[in-house]
Amino acid sequence: MFSSRWRFGLDRYSEVDLFTDRYEADVETLSQAIRAAASEEPDADGSVLFGHLKGTVVGLRYYTGVVNQGEMVGLVRQPENPYDRNAVMVANIYGNQVGHIKRELAAAMAHVMDNNLAKVEGVVHSGTKNTFTMPVMLSFWGKEENKNAVIEGMARRGYKLNTGGSSATGINQKSSNSQGARAMSSKKGLTIPLTAQELKNAFDNLFDGLMESKDGEKEAAKSVGTPLLPHQKQALSWMCARENKSVLPPFWEKRGELYYNSLTCFSAKEIPERIRGGILADDMGLGKTLTTIALILTNFHNGKPLPVETFEERSSPIKAKTKPQEGSSAGDRAEVSNAAAGPQCSDIPQVEVICVNTTDVEEIVDSADVVEIVDKSDNSTSKGKKKANKRKPSKEAPVMLEDLDFAAALGGSAADTGLKKKKTAKKPGPTLSVESSVTESADDLSARTTLIICPLSVISNWLHQLEQHVRANVKLNVYLYYGSERNRSKAFLSSQDVVITTYNVLSADSGNKSPLHGINWLRVVLDEGHVVRNPNAQMSKAVLGLKAQRRWILSGTPIQNSVKDLWMLLAFLRLKPFDVREWWNRVIQRPVTQGDRAGLQNLQTLVKCITLRRTKSSKVNGRPLVSLPEKAVCVEQVELSQTEREEYELARNEGKNTIRKYVAEGTVLRNYADVLAILMRLRQHCCHPDLLAKTSSDLGAAATPAELRERLIDKLRLVLASGSDEECSVCLESVHLPVITHCAHVYCRPCIAQVINTEQETARCPLCRSEIKANELVEFPQEEMEEEKSTNSDKWRTSSKVQALMGNLLRLRCEDSSIKYLVVSQFTRFLSILEAPLREHGFSFVRLDGTMSQKKRTQVIQEFQSSAADSPAIMLLSLKAGGVGLNLTAASHVFLMDPAWNPATEEQCIDRCHRLGQTRKVVVTKFIVKDSVEENMVKIQRQKQDLVEKAFGSSNTERKTSRIDDIKALMEL
DNA sequence: ACCGCCGGGTGCC
DNA sequence: ACCGCCGGGTGCC
């Protein structure tokens, strides 16, 4: 008795948060992430194989976890094990314990694992039926510099790693007849690794060829007021199928009674949880928002439309025309589409799928599609039914269907499952084939709400599009969960049809008592889903913690830099087993980054299964999805005036000398902030002399602490104003809450604070290794922001670039006064400078920059987009403002006042007006000052683009070296 | 576990 | 016999 109780305790111990704990506390610790990111070491992907070792798993009979031939197993240190502090437990892919590593071997491994010298992975090739012990093939992976320590450490304890080059393939051959071959072959197979170029191509094309949707087209529910384009109907059809059909997730197959994963060789008795959702990765402008709105309205439970309240609105002729026709849904469909409507029109499947065990109503379906509801359990559903009837007083059959569904949705819960259903009319036999039937028995049918999470800048877009695309006579309950007055009631939120919030609000709310995390959402949609790609970020954790039946990611650019970015997306979708990082790393990420063909193939398969992506240039039935007007980009060279040129050359020579000195000393990175400041000044010279803030030119020897502080703030200001999208070297994201160290490097405050906190007295600047202290971090004083705006309004002067812009505007106004313009700069102060001549020449303009509140932005955008005669002709736009998703199609001419470091930023900006809805030809004019740093920037932009695309496998080191090279090129050194 | 190991019982053949 | 041998109890870490 005693022993069994005890065992139970141990099992519990080993199963609780097995991998998450381990990752949080061990492998993915912050200090390690920092080390990987900030040190010049190859990061975790760059690990090499040290060797193999055959070990023994013991204690099988005490645990329930089973493994198959060739299945990968996880090895988890258990330092708290009361019998042996060296214990290493063995677990299968679902985290169920299988056994332990034999004591002596565990002792040797514990040393290696605890000191992070190597990561040990296991694959079981035989003996999976054994009762007591079985062999396991262990492989040791780690950084090259730890290789000898690991090999020697193991040897000292009597374990000789097999480091022979052929050992891996040897194992392969041995197990090649078993299914285990696949688990191993994705490591280092017999195949020739991909070249960097092949890898790059494969990566670029990862999301290509996903546009042929096999699901045909689907009409949106009646409540969607806007007719969908063919490709949007395809997307809707695909999304509905992804939500309704129970297709096995990728790599799973049925083998007899078991479900088997061909990649990990894991098998389970239970059907693996299907992925209800996926990634809609259509290019921006193809209507992801509209398609998602259509999904919300079209695919409620059991494939039926969302039951919504409608108003009688016969007065308006337009409304009357678009109003659903009485008693017939066919006419309605015909109106929405003139394309071949497939057999999957929205109302047809309703009848078939309505019979679900979980409803506590008795229903009768007859051949004429008339449904009668008999409420059997007065208490639980009468309320729901009454409410449903109130929602839609009409008496048409489809309405009753919806009512039934709604009643079921309200009353149906896990507690009511015992009640029976009855079908009296034609039942198309036992149609429940595993592949196609809707099996929602495990669902919570009371879930109603779709939660949409998006960046702040696109909230207005959602609200606008909902208003625009949902039929005016339909009452859709949409709640914007934002602002301090937001309603946090779970009951309230879960009674809505749609709740919209931002990543920041979600992340701020998360933790205890988060209403968003307490609700079982019908659906969670991550808009611009690529914004959560750093798994360590609070936002990502907040997103992963949401409870939902269906999960969607909308993103025009699902991969920003590397395969790594995909993990977060798969984890959000809960694509097992890859939601656990270890399996993702072992099965996909490492093989792919090492150029393994099978690994890449697997990744492609994976992505293909869950993604739909069409680009602007994709075609449906040979015709382009959308036709965008032409776009012409021209560069206009600007000559500096003689005075400007003299000032510029002076600054350039000074800067050149300084940088030359740094290059000679090899201290470019250490003085990076200074270098950026020099470049910044030159770029400002190119635009307008007044952009050059009064700054002390050299950090040099600061006499007093106050002076040092002053200079640091100056530098920080320059770095931030540079628009270079300076990244924090700790988190590798754009700096957030910037602070500058005494060694003049800029980081996010939380990031650098963590470094200091972790390393305490020994804390060093990740970039230059100077000592840093928490109380020496300097941040931007608040009042500076305000002060800046009022500095140079007294006496205004022009510049060559200002002249160039004005010349263009005046000329174009004569040619066509109806054109609207975007005038884009990275320097908000340059935008301010431009206001004066615009006013002087009678141009009406609005301004949009990052400092504006959301409310103000929306207002400005509306004003600009308006077609009213007195609407502004020009928008002064700061390059980084708004981010993606802004719709500025009123403009058809873009002036890029100064080149950006990142050409993608410029492209994005241009796409704000060159997108769906643009009717005119789009002209882009880029102003570049001749013989200046700007010209060099443009040259580097091209190379950089290549570099960014190659980002695959580009380590931190490479990135930094390239930065130094960039600087040299810019300064012509 | 159809093992190995431990430790008690036992003791020429 | 401070041994060897036998056979029962026992068994991950």
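Residues numbered from 1 in each chain as written. Chains lettered and ligands numbered in written order. Predicted model: local features only at pLDDT ≥ 70, side-chain atom pairs only at ≥ 80, totals over all residues. Heavy atoms only, no water.

Per an unreviewed UniProt entry, the recorded name for chain A is Helicase like transcription factor, and the organism is Sander lucioperca. Word for word, the UniProt comment on chain A under Subcellular location (unreviewed entry) is "Nucleus". (UniProt positions renumbered as here; feature names shortened; annotations may be inferred.)

Draft legend 1. Looking closely at the confidence of the model for chain A. The share of residues in chain A with pLDDT of 70 or more is 70%, and the mean pLDDT across the chain is 74. Per-residue pLDDT stays below 50 along residues 1–43; that stretch engages in 74 contacts with residues further than four places along the chain or on separate chains. This stretch, residues 314–441, has a pLDDT under 50; its non-local contacts, to residues over four places away or in other chains, come to 176 contacts. (pLDDT = per-residue confidence, 0-100. Contact = heavy atoms within 4.5 Å.)

Draft legend 2. The arrangement of the pairing of strand β2 (residues 71–77) in detail. Burial analysis of β2 places 7 of its 7 residues in the buried class, which makes it a mostly covered element. The alternating pattern of β2 places Glu 71, Val 73, Leu 75 and Arg 77 on one face and Met 72, Gly 74 and Val 76 on the opposite face, and all of these are buried. One ladder, built from 3 bridges, connects β2 with strand β5 (residues 119–124); its direction is antiparallel. Its bridge partner being in β5, Val 73 is matched across the sheet by Gly 122. (Buried < 20%, exposed > 50% of the residue type's maximum accessible area, 1.4 Å probe, protein only. Helix = DSSP H or I, 4+ residues; strand = E, 2+ residues; numbered from the N terminus. Pairing = 2+ DSSP bridges.)

Draft legend 3. The packing of helix α22 (residues 581–593) against helix α23 (residues 597–610), seen in detail. Two numbers describe how α22 lies on α23: the axes approach to 7 Å, and their chain directions differ by 115 degrees. The handedness of the crossing between α22 and α23 is left-handed. Between α22 and α23, the contacting residues are Trp 584, Ile 588, Pro 591 and Val 592 on the first element and Gly 599, Leu 600, Asn 602, Leu 603 and Leu 606 on the second. Taken together, the residues that form the contact of α22 with α23 break down as 7 nonpolar, 2 polar and no charged. (Axes fitted to C-alpha atoms, helices over the stretch in contact; angles between N-to-C directions. Left-handed = near helix turned anticlockwise from the far one by under 90°. Nonpolar A, V, L, I, M, F, W, Y, C, P; charged D, E, K, R; others polar.)

Draft legend 4. Region of interest: the protein's contact with DNA strand C. Of all residues adjacent to DNA strand C, which total 13 residues, the nearest are Arg 61, Tyr 62, Tyr 63, Asp 84 and His 100. Sugar and phosphate atoms constitute 50% of the interface atoms of DNA strand C, taking the interface as everything within 4 Å of the protein. In this structure, a base oxygen belonging to DNA strand C sits 3.2 Å away from a side-chain N or O atom of Asn 81. In this structure, a sugar or linking oxygen belonging to DNA strand C sits 2.5 Å away from a side-chain N or O atom of Asp 84. When its residues are assigned to classes, the surface near DNA strand C shows 6 nonpolar, 3 polar and 4 charged. (Near = heavy atom within 4 Å. Polar contact = N/O pair within 3.5 Å; in protein donor to acceptor, adjacent residues only side chain to side chain.)

Draft legend 5. Local environment of the sheet that holds strand β1 (residues 48–58). Read around the closed barrel, the 6 strands follow the order β1-β4-β3-β2-β5-β6; overall the barrel is antiparallel. Going across the sheet, the axis of each strand differs from the next one's by a mean of 40 degrees, ignoring polarity. Of the strands in this sheet, β1 and β6 (133–142) are in contact with helix α5 (residues 147–156), which crosses β1 at around 30 degrees. Lying over the sheet, α22 contacts β2, β5 and β6, oriented at roughly 130 degrees with respect to β2.

Draft legend 6. Seen up close, unusual backbone geometry. For the bond running from Lys 576 to Pro 577, omega is 0 degrees, close enough to zero to count as cis. By the element assignment, Pro 577 lies in the loop between α21 (564–573) and α22. In this structure, Phe 251 is a non-glycine residue whose phi angle is positive, near 75 degrees. Residue classification places Phe 251 among the buried positions, given a relative accessible area of 10%.

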